[in-house]
Amino acid sequence: MRGVNGLKRFALKVPLLPVSLALASAILFAEKHVLLSTAIAASAFVLGAMSRRHVLLVTLFVAWLGLGIHRAKLLERDAFAEGLGQWWRGEVQVVDIGRYGQVTLRLLESETPSVRWRAYFEDGAGPRHIGDCLYVHGAVHPLKPALNPAEFDQESWLRRQGVVAELRVVHYEYRGDARVSMYWRARTQLKDWALRARAKVAGILSDGVSEDAAVILPAMVLGQKPAHDDPMSKHFRLSGAMHVFAVSGLHVMMVGSLVALLLRFVGGGPRVWVLGAIGAMFAYAMVTGMRPPAMRAACMGAVLLLGILVNRRVVLMNSIAASALCIVLSDTHALFQVGFQLSFIVLVAIALCSEWTQRAFAWVSYHDPFMPYRLMGPRQHLGLRLRRGLQGTLSISACALIGATPLSLHYFQLATPVSMLTSIPLVLMLYFLLANAMATVLLGLFWPVLATQLNSLSGAVADCGYAWVRQMAELPAGHWSAKPWQRGERLVVYALPYDGAAAYWSLGGGCLIDTGSSYSYRRCVRPSLVSYGAPIDSLILTHADSQHCGGVAELATEWRLKQAATPEGHFRSKSYHHALSSLTDQGLDPVALHPGQVLPVGPDASVEVIDAGSADAAIADDACLVLMLRWRELRVLVLGDSGFRAHQRILKRYPKLRADVLVLGKHRRDPEPSASWLRSMEPKLIVTPQAMESLEGVSQHILSKQGAWMLHALESGWEMGALHTDE
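Residues numbered from 1 in each chain as written. Predicted model: local features only at pLDDT ≥ 70, side-chain atom pairs only at ≥ 80, totals over all residues. Heavy atoms only, no water.

Student: Requested: an account of the overall build of the chain, with residues and values cited.
Tutor: When helices and strands are tallied, the chain shows 23 helices and 22 strands. Expected size for 727 residues packed as a compact globule is a radius of gyration near 27 Å; at 30 Å, the chain falls within 12% of this value. In terms of its C-alpha atoms, the chain occupies a principal-axis envelope of roughly 95 × 65 × 60 Å. Within the chain, buried positions represent 47% of all 727 residues. (Helix = DSSP H or I, 4+ residues; strand = E, 2+ residues; numbered from the N terminus. Rg over C-alpha atoms; globule rule 2.2 N^0.38 Å. Buried < 20%, exposed > 50% of the residue type's maximum accessible area, 1.4 Å probe, protein only.)

Student: Residue-level account of the nonpolar core, with values.
Tutor: Core analysis: the biggest nonpolar cluster contains 46 residues, and Leu205, Met220, Phe236, Val244, Leu305, Leu426 and Leu434 have the highest contact counts within it. Counting only elements with at least two residues in this core, the list comes to helix 6 (182–205), helix 7 (211–222), helix 8 (231–238), helix 9 (249–265), helix 10 (270–287), helix 11 (292–309), helix 15 (419–443) and helix 16 (448–473). The element best represented in this core is helix 10, accounting for 8 residues. (Core = buried A, V, L, I, M, F, W, Y, C linked by side-chain atoms within 4.5 Å.)

Student: Describe helix 13 (residues 338–360), listing the residues and the values that go with them.
Tutor: In helix 13, a bend of some 60 degrees at cysteine 353 exceeds every other bend along the element. Where the residues of helix 13 are buried, they touch helix 11, helix 12 (316–330) and helix 14 (378–412). (Bend = angle between axes of the 7 residues up to and from the residue. Contact = heavy atoms within 4.5 Å.)

Student: How would you summarise the sheet that holds strand 4 (residues 133–141) if you had to cite specific residues and measurements?
Tutor: The strand order 1-2-3-5-4 describes a closed barrel built from 5 strands, whose pairing is mixed. On average, each strand axis in the sheet is tilted by 55 degrees relative to the strand beside it, whichever way the strands run. Seen against the sheet, helix 6 touches strand 1 (87–97), strand 2 (103–107) and strand 3 (116–121) and runs at an angle of roughly 55 degrees to strand 1. (Pairing = 2+ DSSP bridges. Axes fitted to C-alpha atoms, helices over the stretch in contact; angles between N-to-C directions.)

Student: Can you break down the side chain of histidine 647 residue by residue, with the values?
Tutor: Inspection of the secondary structure assignment puts histidine 647 in helix 21 (residues 644–653). Not counting residues up to four positions away in its chain, the partners in contact with histidine 647 are Leu639, Ser642, Pro673 and Trp677.

Student: Any details on the packing of helix 6 against helix 7? Residues and values, ideally.
Tutor: The geometry of helix 6 relative to helix 7 is characterised by a closest axis approach of 9 Å and an angle of 140 degrees between their N-to-C directions. Viewed along their axes, helix 6 and helix 7 adopt a mutual orientation that is oblique. Of the two possible hands of crossing, helix 6 and helix 7 adopt the one that is right-handed. Along the contact surface, helix 6 presents Arg198, Val201, Ala202 and Leu205, while helix 7 presents Leu217, Pro218, Val221 and Leu222. For the contact of helix 6 with helix 7, the class distribution of residues is 7 nonpolar, no polar and 1 charged. (Parallel < 35°, antiparallel > 145°, perpendicular 65-115°, else oblique. Left-handed = near helix turned anticlockwise from the far one by under 90°. Nonpolar A, V, L, I, M, F, W, Y, C, P; charged D, E, K, R; others polar.)

Student: Kindly report on the packing of helix 13 against helix 14, identifying the contributing residues and their values.
Tutor: Interaxial distance between helix 13 and helix 14 falls to 8 Å at its minimum, and their mutual angle equals 140 degrees. Overall, the two elements helix 13 and helix 14 adopt an arrangement that is oblique. As helix 13 runs across helix 14, the sense of the crossing is right-handed. Its residues placed into classes, the contact of helix 13 with helix 14 shows 17 nonpolar, 8 polar and no charged.

Student: Can you lay out the sheet that holds strand 18 (residues 661–664) for me, pointing to particular residues and giving the numbers?
Tutor: With mixed pairing, the 7 strands of this open sheet are ordered in space as 14-15-16-17-18-19-20. A single partner strand is all that each edge strand has here, and the edge strands are strand 14 (598–602) and strand 20 (699–702). Between one strand axis and the next, the sheet turns by 20 degrees as a mean value, whatever way the strands run. Contacting strand 15 (605–611), strand 16 (626–631) and strand 17 (634–640), helix 21 crosses the sheet at an angle of about 110 degrees to strand 15.

Without other data, these values stay purely geometric and don't point to any function.
Right, here's the structure in full:
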């Protein structure tokens, strides 16, 4: 009975919580997440029934409204799927330009203005300003799904941004904006101004500081994060401090508090400092590029401060629910964005757990109850204030860790208990850097010399912060990440674009067969090797093709390779010579392989060179290594880009050669291996980049559709897997 009464009191305090839960449930139901939707709907119904009378009616109405809005967006997206693969011409407006030049377009002739396309320009020189109106001609293609383990799922991410397809533009010309509504004209002009302001501020913050500080200051102040594979990103990620690079609630609230303190110091009343803080938060969100996390945080802060302005008692959980309600109703896809989930889960954890964590850290600010405050000296008062501030910081950090850890494990397979220790000085540094950055930008307008000196001070603080982060990242047991590829035996054949190829075999010390191009290695191969902790000490290059050896330089600098093997012969490929020089720089002398050579990689596994092509081949494909991977009782024949001549040599040299699995690496325009030759190998499965003519009794794994092919050895047999089912 006591629990029911407590739940009822809680429901009366947070009338907007069941409304926001019902909205989330309706959107999940539209996405066919039935079980999760039902559980959240039940919670919303219980809280709504225990709250005031009208709350349950509002809850049902908002659920119906959210379901209708999200279903309409899904229908718009599905309607555009019918035109994929066709040529299109028409008028569009540029609504966003990414950090690396990615252009997002809005169709002016469409009845669904929320639908957007991601555009790629063939000449590499697209529009430069948001708001530009263009007449374009190009081909519409579906978004590319993630085809490899741990690869960034750009398709899902773009769909949540309202992007439904890719447009490969072959021709465009500028047009006037007469057909653009006043709303979109103002919106795009504001976004363009925001990006220009961010670029200007980033230039100011990077002036007169060290190389590291020139990266850290724009990242911490403006959210311009370094690349994911940058060593700096790795240190911040492993220390649990990556949140200081994401402009969200922490940054926006700090800016609001700085302005509020300044206005209160000069004598401003509640109305002045509340409205000033709200204006400062939205201005800061715009200067950082009007990114959704910053705008969400500004909305959330505005809701909290407006509660103070109208003399209402601020209930954090109810304010969180109100902010979530506004954000999700304006963009229902926001519910599925990782940043949105992390922000609100952390806030909910603070609202629910702060009292418990405050008690847990009460010893930090312990004060002798028999010592009256009036008898304490100034030093004692200052020490008590500092200890209370430390207690609050530890309490909030613990709540954030409790809230963020489940999602961090789910999305990134990473837990960082050291983040509590990292955050204490880093948050103080961030507060100083934001205040100093505001002063630097303002003083730069009329006193540039002093602004430069202030920015040099920010650079010194940023360098100290980075040194602290590096120490925390290297702290033993400071972080934990799942590394499933460090154990077990597996073979992974990657699905790479542009006729590239790469395969990872975990036996021995780990062997990589080809790397793909430099782009494919970074985007498709490296994420799984790093995220899953794959050991690598050997490299085999099948032939001199940039789509097979372009990633060697990056591989050699990140992994300590013990041995490398290449085909015989001298080739003119610049990428191949660059790969060889990268291996030489690491102290490796690649071994030239020849037919019949057997390389043992374990007690029950070996690599046999079946064919090495011709040393005086005119093209690299005619000097391609053909490898037989013998693994327990399994035989996997890796054919690579070998062609008709190689197949005939193999048939002549090994007339009784058989393989359970054939791995092809043919270019799209190359002819398929002959059906008679394929039958002679008696394969059970063919792993091929593109669909080919089917053979009776032989299965096909099509990399371009099903994604990477993965084979895992179990005690009882073999387990095969793919990222996508073949439709």
